[in-house]
Structures are given as structure tokens and as C-alpha cells.
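# Close look at the chain arrangement
What follows is the residue order along each chain.
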Amino acid sequence: MTSGSTPGLARFNTSADSEASAALHEVCASSAWGSKMLAQRPYANAEALFLASDAAMAELTAEDLAEAMAGHPPIGRPKPGDPTSSREQRGMAGASEELKAEMLELNLAYQEKFGHVFLICATGATGEQMRDAMRDRIGNTAEAEREIVRTELGKINRIRLTRLVEED
């Protein structure tokens, strides 16, 4: 979906600022990102929305990224009652106890090193793929990891914005 307006996009474009802001916060917990996105309404189509999201993501400071990451639960432990994180982390649903234990250990080591949760666009990824990514990325510098997180957040935002504009 890249062209034309949809009922979901039209509703987002015309909703009250408070409603649109709440919808954006569900997409990304960064208030700076949300403010930039809100200020650019209305969007002509989904592609314009995605491009604005990418541009806003590129401008986020380290503090803004930390705020965005705080809205994401650790891989393998979606927030209870949160259908979004459960859906996105579906690849861990059938994971073995051994893989879940390894992910917990890796999550803790990652958080200890970087000071935040491991963030990956988990949609469509298996538990093993997420584990392998965490194993690879734990050796990164903080600066390199911050830019990978920025890219992963951008992917997650696009998936969540797609859901927002495709809702009837």
C-alpha cells in the first residue's frame, strides 16, 4: 500500500490532535517523533506518512531514542494484555524452554551493556533469528547499536503506521 488515501488515513488526518497524538504514541513512544508527525498532518497518502516517519526518526536524539525504546517490552516477554507486542513477537510464542532461557540471559546481558532493551523488528522473525541477531549485536559499540536501533524502530513504525492507515 503506497498510494491513495484510505479510511484509516482520512480518520487519522481529521481526528482531534489528542486522538491523533494517542494513536501516534501507540506507534512510537517518542514524544519528539509524535510531535513532528502530528505537526505535518494531513498526509496525502501512506507513502507521505512513511517518509515523514523516516525523517522524524532520523532526527531523534539519543534521549528521544531511549524514550521510544522504553515503550517496547523485552523480546520473549510481551506486555500482558498488549496485542501489538504479542503479535510482533509471535516468533517467540512456540520457542523451546531452552531458547526462552537463552533469550532471557541475552536480554539481561544486552540491557547491562547498553542500558535499554534489545530492539529488533520482530515481525516475521523466528525466535532463533532474534536470538542470533542479539548474539551478533551484543558485540557492537553503543554508537553502532544506537543507529541499528534507529533503523529497527523505523521498520516497526512503518508496520504500525500501515496498520493505522489500513484500519476501516
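Up top is the structure.
The paragraphs below set out a description of the structure included in this document. (Residues numbered from 1 in each chain as written. Predicted model: local features only at pLDDT ≥ 70, side-chain atom pairs only at ≥ 80, totals over all residues. Heavy atoms only, no water.)

## Some remarks on the overall build of the protein
Within the protein, the secondary structure is distributed over 9 helices and 0 strands. Going residue by residue from the N terminus, the α and β elements of the protein occur as α-α-α-α-α-α-α-α-α. For a compact globule of 168 residues, the expected C-alpha radius of gyration is about 15 Å, and the protein comes in at 16 Å, within 12% of that figure. On the principal axes, the C-alpha backbone points of the protein span a range of 50 × 30 × 25 Å. A fraction of 71% describes how many contacts in the protein between residues 6 or more apart in sequence connect residues 24 or more apart. (Helix = DSSP H or I, 4+ residues; strand = E, 2+ residues; numbered from the N terminus. Rg over C-alpha atoms; globule rule 2.2 N^0.38 Å. Contact = heavy atoms within 4.5 Å.)

## A word on the nonpolar core
One finds Trp33, Met37 and Leu161 to be the most contacted residues of the largest nonpolar core, which totals 43 residues. Leave out the neighbours within four places in its chain, and tryptophan 33 touches Leu24, Val27, Cys28, Ser53, Ala56, Met57, Leu60, Asn157 and Leu161. (Core = buried A, V, L, I, M, F, W, Y, C linked by side-chain atoms within 4.5 Å. Buried < 20%, exposed > 50% of the residue type's maximum accessible area, 1.4 Å probe, protein only.)

## A closer look at empty space enclosed by the protein
Overall, the coordinates contain 1 cavity of 30 Å³ or more when judged by the stated rule. Space inside the largest cavity adds up to approximately 100 Å³. For the lining of the largest cavity, the elements supplying multiple residues, two or more each, are helix H6 (83-88) and helix H9 (142-166). (1 Å grid on protein atoms, 1.4 Å probe; cavity = no way out; pocket = protein on both sides within 12 Å on 5 of 7 lines; lining within 4 Å. Points joined across faces, edges and corners; volume = space filled by probe spheres on them.)

## Things to note about the packing of helix H4 (residues 46-58) against H9
Packing of H4 against H9 leaves a shortest axis separation of 10 Å and a crossing angle of 150 degrees. With respect to H9, the element H4 is oriented roughly antiparallel. The element H4 and its partner H9 pack so that their crossing is right-handed. The segment H4 lies against H9, with Ala46, Glu47, Leu49, Phe50, Leu51, Ser53, Asp54, Met57 and Ala58 engaging Arg150, Leu153, Gly154, Asn157, Arg158, Leu161, Thr162 and Val165. (Axes fitted to C-alpha atoms, helices over the stretch in contact; angles between N-to-C directions. Parallel < 35°, antiparallel > 145°, perpendicular 65-115°, else oblique. Left-handed = near helix turned anticlockwise from the far one by under 90°.)

## Observations regarding the pattern of salt bridges
Summed over the entire model, instances satisfying the criterion amount to 11 salt bridges. Lysine 36 is paired through a salt bridge with glutamate 59; the nearest N and O atoms lie 3.0 Å apart. One end of the pair, lysine 36, is in helix H3 (residues 31-39); the other, glutamate 59, is in the loop between H4 and helix H5 (62-69), and 23 residues separate them in sequence. With its nearest N and O atoms 3.1 Å apart, the salt bridge here joins aspartate 132 to arginine 131. Three or more residues joined by partner-sharing salt bridges are found here, namely Glu102, Arg131, Asp132 and Arg135. (Salt bridge = Lys/Arg side-chain N within 4 Å of Asp/Glu carboxyl O.)

## Concerning unusual backbone geometry
The amide bond that connects arginine 41 to the next residue, proline 42, takes the cis arrangement and shows omega of 0 degrees. Turning to its location among the elements, proline 42 is positioned in the loop between H3 and H4.

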